[in-house]
Amino acid sequence: MPEPDSWRHMASAPKDGSRILVTIRPSEQGAAEVDLVFWSNGDQFGADGWRASDSSPGRIIEYAEPELKCWMPMPSAKLNRTSMPSPWEGEDERELDGSGI
């Protein structure tokens, strides 16, 4: 779990399309929440701004800068090449998933 000091001011948030976690300020609609967002440079569906990662064309969830309190990068799974399985090197693809039985 990320430490509380992992949160950063929104002014330093990356605007390169990468996904980040943000704290949404409390409002009349409810308590503070955390959401997964990305910066969009704008398109036919909306202007430049922060969008929820579960947005889709026709159903854009956008956040104005004042709505967002702070951000943090996505936690890393810390995978490396030595923890990954080896690639399949069998000769007959029919053996995969039991399809050759």
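These figures come from a predicted structure and were not determined experimentally.

Analysis parameters
Residues numbered from 1 in each chain as written. Predicted model: local features only at pLDDT ≥ 70, side-chain atom pairs only at ≥ 80, totals over all residues. Heavy atoms only, no water. Helix = DSSP H or I, 4+ residues; strand = E, 2+ residues; numbered from the N terminus. Buried < 20%, exposed > 50% of the residue type's maximum accessible area, 1.4 Å probe, protein only. Contact = heavy atoms within 4.5 Å. Areas by Shrake-Rupley, 256 points an atom, 1.4 Å probe, with all protein chains shown as cover. Phe/Tyr/Trp six-rings, centres within 6.5 Å; stacked < 30°, edge-to-face > 60°. Lys NZ or Arg CZ within 6 Å of the ring centre and 35° of its normal. pLDDT = per-residue confidence, 0-100. Core = buried A, V, L, I, M, F, W, Y, C linked by side-chain atoms within 4.5 Å. Salt bridge = Lys/Arg side-chain N within 4 Å of Asp/Glu carboxyl O.

1. What about the overall build of the protein chain?
Check the secondary structure of the protein chain and you find 0 helices and 6 strands. When its helices and strands are written in sequence order, the protein chain yields β-β-β-β-β-β. Counting every position in the protein chain, which comprises 101 residues, the buried fraction comes to 24%. Counted over contacts in the protein chain with a minimum sequence separation of 6, partners at least 24 positions apart contribute 43%. With the model as given, the accessible surface of the protein chain reaches about 7900 Å², and the carbon-plus-sulfur share is 51%.

2. Some details on the packing of aromatic side chains
Think of a pair of aromatic rings as described by two things: how far the centres are apart, and how the planes are tilted against each other in angle. Under the counting rule described, the total for this entry stands at 1 aromatic pair. Measuring from centroid to centroid gives 5.2 Å for W39 and W50, while their planes differ by 75 degrees, and the two rings are edge-to-face. You can see W39 sitting in strand β3 (residues 33-40) and its partner W50 sitting in strand β4 (residues 49-52), a full 11 residues away along the chain. The residues W39 and W50 share a single accessibility class, namely buried. A cation over a ring is seen here: R8 above W71, with NZ or CZ 5.2 Å from the ring centre. Positioned above the aromatic ring of W39, the side-chain terminus of K15 is 4.3 Å from the ring centre.

3. Some remarks on the confidence of the model for the protein chain
Taken as a whole, the protein chain shows an average pLDDT of 79; of its residues, 69% reach a score of 70 or greater. Across the protein chain, the secondary-structure element scoring lowest on mean pLDDT is strand β1 (residues 8-9), at 92, and the one scoring highest is β4, at 94.

4. Describing the nonpolar core
Counting 12 residues, the largest nonpolar core consists of M10, A13, I20, V22, I24, V37, W39, W50, A52, Y63, L68 and W71. Elements with a minimum of two residues in this core: β2 (20-24), β3, β4 and β6 (68-73). Looking at this core element by element, the count peaks at 3 residues for β2. Not counting residues up to four positions away in its chain, the partners in contact with W39 are P14, K15, G17, S18, D48, G49, W50 and E65.

5. Describing the pattern of salt bridges
Taken as a whole, this structure holds 2 salt bridges when the rule is applied. Among the salt bridges present, the one from E65 reaches K15, with a minimum N-O distance of 3.7 Å. Of the two residues, E65 is situated in the loop between β5 (62-63) and β6 and K15 in the loop between β1 and β2; the sequence distance between them amounts to 50 residues. The partly exposed category is assigned to K15, whose relative accessible area is 45%. Two residues, R51 and E62, come together in a salt bridge whose shortest N-O distance is 3.8 Å. Of this pair, R51 sits in strand β4 while E62 sits in strand β5, and the two are 11 residues apart along the sequence. Note on R51: relative accessible area 4%, which makes it buried. Assessed through its relative accessible area of 41%, E62 is described here as partly exposed.

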